[in-house]
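# Survey of secondary and tertiary structure
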Amino acid sequence: MDRPAVVVLFGGRSSEHSISSATAGGVLRAISRDRYRVIPVGITREGVFVLEDDDPDKFALDADRLPEVIDNGTRVLWPEGGADRSLRVRRPDGTLEELGAVDVVLPILHGVHGEDGTVQGFLDTLGIPYAGGGVLDSALCMDKHFMKIVLQAAGVPVAPWATVTRAGWDRDATSVRADAAALGLPVFVKPARGGSSVGVSKVSDPAELEEALQLAFAEDEKVLIEAAIVGREIEVAILEGRRGAASRASLPGEIVLTTREFYDFEGKYLGGDGADVVCPADLSGAEIAAVQALGIRAFDAVDGRGLARVDFFLTADAVYVNELNTMPGFTPISMFPKCWIASGMTYAELISELIDTALERTA
């Protein structure tokens, strides 16, 4: 039997380009070449699809070098739709090369133009199966404002918040300040459609609000101001059920902050001190069951597909869902893989799980 051809799609136009590229390094290193024929396709920061090197070391992430997709002159030509799934590449000298039929795409893209339903809609239009979230859940969870509305409607507890647009701030900053003050201090200010903690600030004094908003507005025209919940930061990894089975939740993990104000970009990806990723978290059996059940409930509420990481605040008497990520950090040291590894699955098996679930969906 021929091995299914898997396009590993990474990079992209968002501010999380380097994290997506680093994820590709981990995936290319671990994916089973016995089971799949791998085609690495990168998207440059300008949105150009190029055939990339199948070299995990090229996309290693460290504090001195953030990996990225560079325009190498190739151009990946997607299938024309219908029953055609043939992928081709045009080389810099103009010659065309057939790469064969695509069986499934693994889009390990973060942020806008990738994690927000746009690439998912593109692949749906071409009729190409893909792993991970679909158009609806990707778009919903990318926009934290609408995600919270949907979760609230499903009875899932979320942190109190106010949403502000750049135009709204420019038009009536006094009202925005009043809405922020009503949430108490501290608050977190974050882009509505961002990730990897890019553009996020903790505000402990009203005088800091404007600077925090401007930082977030640099990422998005719409921004959330959220009440800070004092509690443990717990995360659980969710996988779509296979062949009609119910969604599954991993053992929970925990972000343990020692010297950092919050789990920022450096702490997540560059090995900065002051934040530890612990999995499994030190929780009672009842607490584990509660966050697993609420994670699955939140995933189902947004019509989750493929995978998601659900982030919680666990207080002495309540559990709040902070957000869902439909393509969470997926480097080998990220929470999503670590939670499934702690639950008995290897990193390579997790990658296969996502691909095989997508293949089964269209079988």
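It should be noted that the structure appears before, not after, this text.
First, a word on scope: everything that follows refers to the structure included in this document.

Here is what the cut-offs are and how they apply
Residues numbered from 1 in each chain as written. Predicted model: local features only at pLDDT ≥ 70, side-chain atom pairs only at ≥ 80, totals over all residues. Heavy atoms only, no water. Salt bridge = Lys/Arg side-chain N within 4 Å of Asp/Glu carboxyl O. Helix = DSSP H or I, 4+ residues; strand = E, 2+ residues; numbered from the N terminus. Buried < 20%, exposed > 50% of the residue type's maximum accessible area, 1.4 Å probe, protein only. Pairing = 2+ DSSP bridges. Phe/Tyr/Trp six-rings, centres within 6.5 Å; stacked < 30°, edge-to-face > 60°. Contact = heavy atoms within 4.5 Å. Axes fitted to C-alpha atoms, helices over the stretch in contact; angles between N-to-C directions.

Here we take up the pattern of salt bridges. Tallied over the entire structure, the rule returns 24 salt bridges. Glu226 is the salt-bridge partner of Lys190, the closest N and O atoms lying 3.0 Å from each other. Taken together, the residues Lys190 in strand β9 (residues 187-191) and Glu226 in strand β11 (residues 222-227) connect sequence positions 36 residues apart. What makes Lys190 buried here is its relative accessible area of 8%. Given the relative accessible area of 3%, Glu226 is considered buried. Residue Glu240 pairs with Arg361 through a salt bridge whose shortest N-O separation is 2.5 Å. One end of the pair, Glu240, is in the loop between β12 (232-239) and β13 (248-249); the other, Arg361, is in helix α11 (residues 347-361), and 121 residues separate them in sequence.

Right, let's talk about the pairing of β11 for a bit. Of all six residues making up β11, six are buried, and the element is well covered by its neighbours. Neither face of β11 is left uncovered, since the one carrying Lys222, Leu224 and Glu226 and the one carrying Val223, Ile225 and Ala227 both have all their residues buried. Here strand β8 (residues 161-165) runs beside β11; their pairing, made up of five bridges, is antiparallel. From the neighbouring strand, Thr163 faces β11, where its bridge partner is Leu224. By the bridge criterion, five bridges tie β9 to β11 in an arrangement that is antiparallel. Counterpart to Pro191 in the pairing with β11 is Val223.

A separate point is the packing of aromatic side chains. Tallied over the entire structure, the rule returns six aromatic pairs. Measuring from centroid to centroid gives 5.7 Å for Phe330 and Tyr347, while their planes differ by 40°, and the two rings are tilted. In this pair, Phe330 is assigned in the loop between β17 (319-325) and α10 (335-342) and Tyr347 in helix α11, connecting sequence segments 17 residues apart. Here Phe330 matches Tyr347 in class, with each residue buried. Taken together, the aromatic side chains of Phe49, Trp78 and Phe122 make up a single cluster linked through ring pairs.

Let us now look at α10. The complete set of buried residues in α10 reads Met335, Phe336, Pro337, Cys339 and Trp340. Elements that come into contact with the buried residues of α10 comprise β12, β13, β14 (253-257), β15 (275-278), β16 (307-314) and α11. One or two positions beyond α10, positive phi appears at Gly344, with a value near 110°.

We now examine the sheet that holds strand β1 (residues 5-11). An order of β3-β2-β1-β7 is seen for the four strands of this open sheet, with the pairing classed as mixed. Edge positions in the sheet fall to β3 (49-51) and β7 (104-107), since each of these pairs with one other strand and no more. Recorded for the sheet is a direction-independent mean angle of 30° between the axes of neighbouring strands. One ladder, built from four bridges, connects β1 with β7; its direction is parallel. Bridge pairing links Val7 to Val105 in β7. Along the sheet face, helix α1 (residues 17-30) touches β1, β2 (37-43) and β7 and points at about 150° away from the line of β1.

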